[in-house]
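For reference, the chains in residue letters:
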Amino acid sequence: MATVAAKPPAPPGAGDVSEVELSEAGSPDLGSRSSGSGSGSGGSGRSAAEYSGWVYHLGVNSIGHEYCHLRFLVIRGRTVAMYKRDPHDNPGLEPIRKGAVGHTLMVEELGRRRVNHGDVYVLRLCNRLDQTKKGEIACATPGEARKWIEAFEQAKQQADHDLMRGVSWNRLQNENEINLDGHRPRVRRYAQGLGKLVRIGKGPEMLLRQSSDLRSQERVNTNFGGDTGDAFEAHEWRYVRTFNGIRIFEDIANPKGGKGILLKSVGVVGANPDTVFEVVLNLDKHKRYEWDMLTADLELVETIDGYCDVVYGTYEPKYLNWWKGKKDFVFSRQWFRGQDGAYTILQSPIGHNKRPPKHGYKRTKINPSTWEIRRLNTSGSSPKCVVTLMLEISPSFWGRWKRRHSSNFDKSIPFALLSQVAGLREYFAANPTLTSDLPSTVVKSKASEPLIIQSELEDSEPGDEFYDALARGESFEDEDSNDDDDDDAATPKAGKVKLKNVSWAIAGLALKKTKALVETSELVTNSSPVTVDPSHFHGTLRRAKGENDPNSWSAPGGEKFMIRGKTYLTDYTKVVGGDPLLKLIAVDWFKVDERFDSVALHPKSLVQSEAAKKIPFILVINLQVPAKPNYNLVMYYAAERPVNKDSLLGRFIDGTDAFRDARFKLIPSIAEGYWMVKRAVGTKACLLGKAVTCNYLRQDNFLEIDVDIGSSSVARSIIGLVLGYVTSIVVDLAILIEAKEEKELPEYILGTVRLNRVNPDSAVSI
């Protein structure tokens, strides 16, 4: 029985996930018990891991009053139990709620919420088939919320493992699923037997102290306890100057769809991304006074949802002697966390009827800007992250400064905003207790069975990305200002240096599969191919006649995308994608009042045509876009030969939903459009089955994947921003199956699509 020593996690803004030795948990006798006897493992005999920690249980009681109770949550195998006290310190304590995690459990992040005058991060648990089984828990920090999501994901994988090991389906169905809403049922004692114990979050006294601190608006004591490089096709950065160790860059690429010149400041901050994110969002002026010299006086105007709010601010910059008078401003903030743990914050000036111009102040607009906060994996024990602030400014102002090289730029609003990165770096350097951090630990079974896989949010592994500049031959950004894995000193598996430059990428080209090799491994090549002529298939969205043809689609190659190479498992090398395996034959653009599933079964569907029935296999991707009305973007990909049943694609087509969720991957890119939309969408590969709800329909010669974008609050927020600019943007998408084993490498691209300035009004009712 292994133990892992670490410190307990922290309240908002002060820590991350950590672990505690079993002996410190107050229950040393647990370590001597059999690790395979717990009911949570379904009788499989494998060593189970336990995740536990303090959370807030949110809900509404029988008389309609909202409550927020401090509870101790435990996840072991597939079993979830909730206690009033820590059961490790109170042997024999009965849980007040208990249940099992099933395949239909959904865990959704709802973002930040103000509860009892303090900000918490809320997770919603529900059953996609039984809406009566639901509930909400809240965590003190976004890092803790991420770890609880990982823990529930491990429990879902355990359920899938039990099913594959032959555990009776009836037995799994008869188990009481966890229900955090309604009355508390009487349950038996929590099962024993542990592989490892992972504690999430600090004790209740720290959570309560944080809530107390947040209520005090006059508290003054603050001495308490790489730039994303995925969108190289959109920007070409040139170093301009260094200020206080922070590098400032100018985008010298010809802007397409932009309203001004882009500047950015990049710096390394000695703290974990969760802590930096909370500091940036915190409106406490006494804390902001220590790092923000311009927008420190902020007030919350309105909370839109857990990922968006509206803020009012004032400033009286006495140090900028050429400004006249005091000014105020209103702006909106939207924030997202990617599957790699990186944060993006979008800030846009807006108007708001609750905040007219203040007497004695002149209303102005703060420059549109974005924050990007990304963990920097280093060999040292101290956490670090790359913080990038990107800013849009007036071309005329920037041109005057470049021509004169005057010092007036140092007395401007853009410079004051860019200096916030330097302020953050010095703030954390002066408060070392804020920077304490331990890397997340992925708990794996002692058994050799590979079903419980590592978390997709594992900090030590770089995220997926692509570099469009490789195909265009454009220069790379300065190496220190790249993505989260740009500055990785070494990989945890092989200790090799990962170089992100042109020579590295060119060297990786030799490792990619050609389309012929992919067809050999994925399709039945000894059968006669079926001629698939896209001109025989017509969707409601027309095929592009030219590169700039609006409201149309085309099928680009895969050379703009970076995918996992042959040696990815040892050195994380990415290679340029080759030609797609499947051919895009048509695209439908529908508008509907309610969610439209199973498009392929519709009598008028392209899949039901006689020509389509002759195709060996068709992959239907149905992207369900929430709006008023709702939209469905349906893409049809065809294979000219039958699919090899033993191939990765064959196992994906006929596999379980859990397998599909863990492998179905999409890489997005805004090829042309407003820069802030590009930053919101990003260029990171996304496992759609982990981010949103995906439903699968396998019949006849097709597999349909219904992607419910509205099932995620984050996805809804991003798609809402995209729809506001959809008629002026060009979107590239690549679809692939993630390779996780050596025999599956290198990856290949299933299909691509380019959507050129799609008009929502052209959608066809169905």
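These numbers were taken from a predicted model, which means no experiment stands behind them.

### Brief notes about the environment of Q334
Item 1. Secondary-structure assignment places Q334 in strand β14 (residues 326-337).
Item 2. Residue Q334 is classed as buried on the basis of its relative accessible area of 15%.
Item 3. Along the backbone, Q334 and D309 are 25 residues apart, and their C-alpha atoms lie at a distance of 6.9 Å.
Item 4. Discounting chain neighbours no more than four positions away, the residues touching Q334 are Y307, C308, T344, I345, L346, S717 and L721.
Item 5. Here S717 takes part through its side chain, which lies 2.8 Å from a polar atom of the side chain of Q334.

### Here's the deal with the nonpolar core
Within soluble globular proteins, side chains that are nonpolar generally end up buried alongside one another.
Item 1. Grouped together as the largest cluster of nonpolar side chains are 116 residues, with contacts concentrated most on W148, F152, V276, F664 and I705.
Item 2. In contact with I705, other than residues within four places in its own chain, are L619, V620, I621, N622, F652, F664, C694, N695 and Y696.
Item 3. Ranked by size, the runner-up nonpolar core spans 21 residues in total, among them L283, V311, F397 and I413.

### A closer look at unusual backbone geometry
Item 1. Here K628 and P629 are connected by a cis peptide whose omega angle stands at 0 degrees.
Item 2. Along the polypeptide, P629 turns up in the loop between β23 (617-625) and β24 (630-639).
Item 3. One non-glycine residue, Y572, adopts positive backbone phi at about 60 degrees.
Item 4. Positive phi values are uncommon outside glycine, yet S598 reaches one of about 50 degrees.
Item 5. As for its placement among the helices and strands, S598 is situated in the loop between β22 (583-592) and α13 (610-613).

### Observations regarding the side chain of R112
Item 1. Here R112 lies in strand β5 (residues 105-115).
Item 2. A polar contact of 3.0 Å, which involves the side chain of R112, links it to the side chain of D119.
Item 3. Aside from chain neighbours lying at most four places away, what touches R112 is D119, V120, Y121, L281, D305, G306 and W335.

### Observations concerning the confidence of the model for the chain
Item 1. Predicted confidence across the chain gives a mean pLDDT of 76, with 72% of residues reaching 70 or more.
Item 2. For the stretch residues 185-194, pLDDT sits under 50, and the model shows 40 contacts to residues farther than four places along the chain or on other chains.
Item 3. Predicted confidence for residues 209-232 stays below pLDDT 50, and this span has 74 contacts to residues more than four positions away or in other chains.

### Quick look at helix α18 (residues 713-725)
Item 1. If you check α18, its first and last C-alpha atoms are 19 Å apart, about what 13 residues at 1.5 Å a residue would give, namely 18 Å.
Item 2. Buried within α18 are the following residues: S713, V714, A715, S717, I718, I719, L721 and V722.
Item 3. In this structure, the buried side of α18 is in contact with β5, β14, β15 (343-349), β23 and α16 (675-681).

### A short note on the packing of aromatic side chains
Item 1. All chains considered together, the criterion is met by 13 aromatic pairs.
Item 2. An angle of 70 degrees between the planes, with centres 6.1 Å apart, marks the rings of Y239 and F249 as edge-to-face. Residue Y239 is found in strand β9 (residues 237-243), and its partner F249 is found in strand β10 (residues 246-251); the two are separated by 10 residues along the sequence.
Item 3. Residues W589 and Y631 carry aromatic rings whose centres are separated by 5.0 Å and whose planes lie at 10 degrees to one another, so their mutual orientation is stacked.

### Some remarks on the sheet that holds strand β19 (residues 552-554)
Sheet strands line up and pair through hydrogen bonds in the backbone, either parallel or antiparallel.
Item 1. If you trace the 5 strands from one edge of the open sheet to the other, you get β19-β30-β29-β25-β26, paired in antiparallel fashion. Strand pairing shows two members of the sheet lacking a second neighbour, β19 and β26 (686-687), which therefore form its edges.
Item 2. As paired elements, strand β25 (residues 664-672) and β26 share 2 bridges and run antiparallel to each other. Note on β26: the bridge partner recorded for L666 is C686.

Basis of the calculations
Residues numbered from 1 in each chain as written. Predicted model: local features only at pLDDT ≥ 70, side-chain atom pairs only at ≥ 80, totals over all residues. Heavy atoms only, no water. Helix = DSSP H or I, 4+ residues; strand = E, 2+ residues; numbered from the N terminus. Buried < 20%, exposed > 50% of the residue type's maximum accessible area, 1.4 Å probe, protein only. Contact = heavy atoms within 4.5 Å. Polar contact = N/O pair within 3.5 Å; in protein donor to acceptor, adjacent residues only side chain to side chain. Core = buried A, V, L, I, M, F, W, Y, C linked by side-chain atoms within 4.5 Å. pLDDT = per-residue confidence, 0-100. Expected span 1.5 Å × (residues − 1). Phe/Tyr/Trp six-rings, centres within 6.5 Å; stacked < 30°, edge-to-face > 60°. Pairing = 2+ DSSP bridges.

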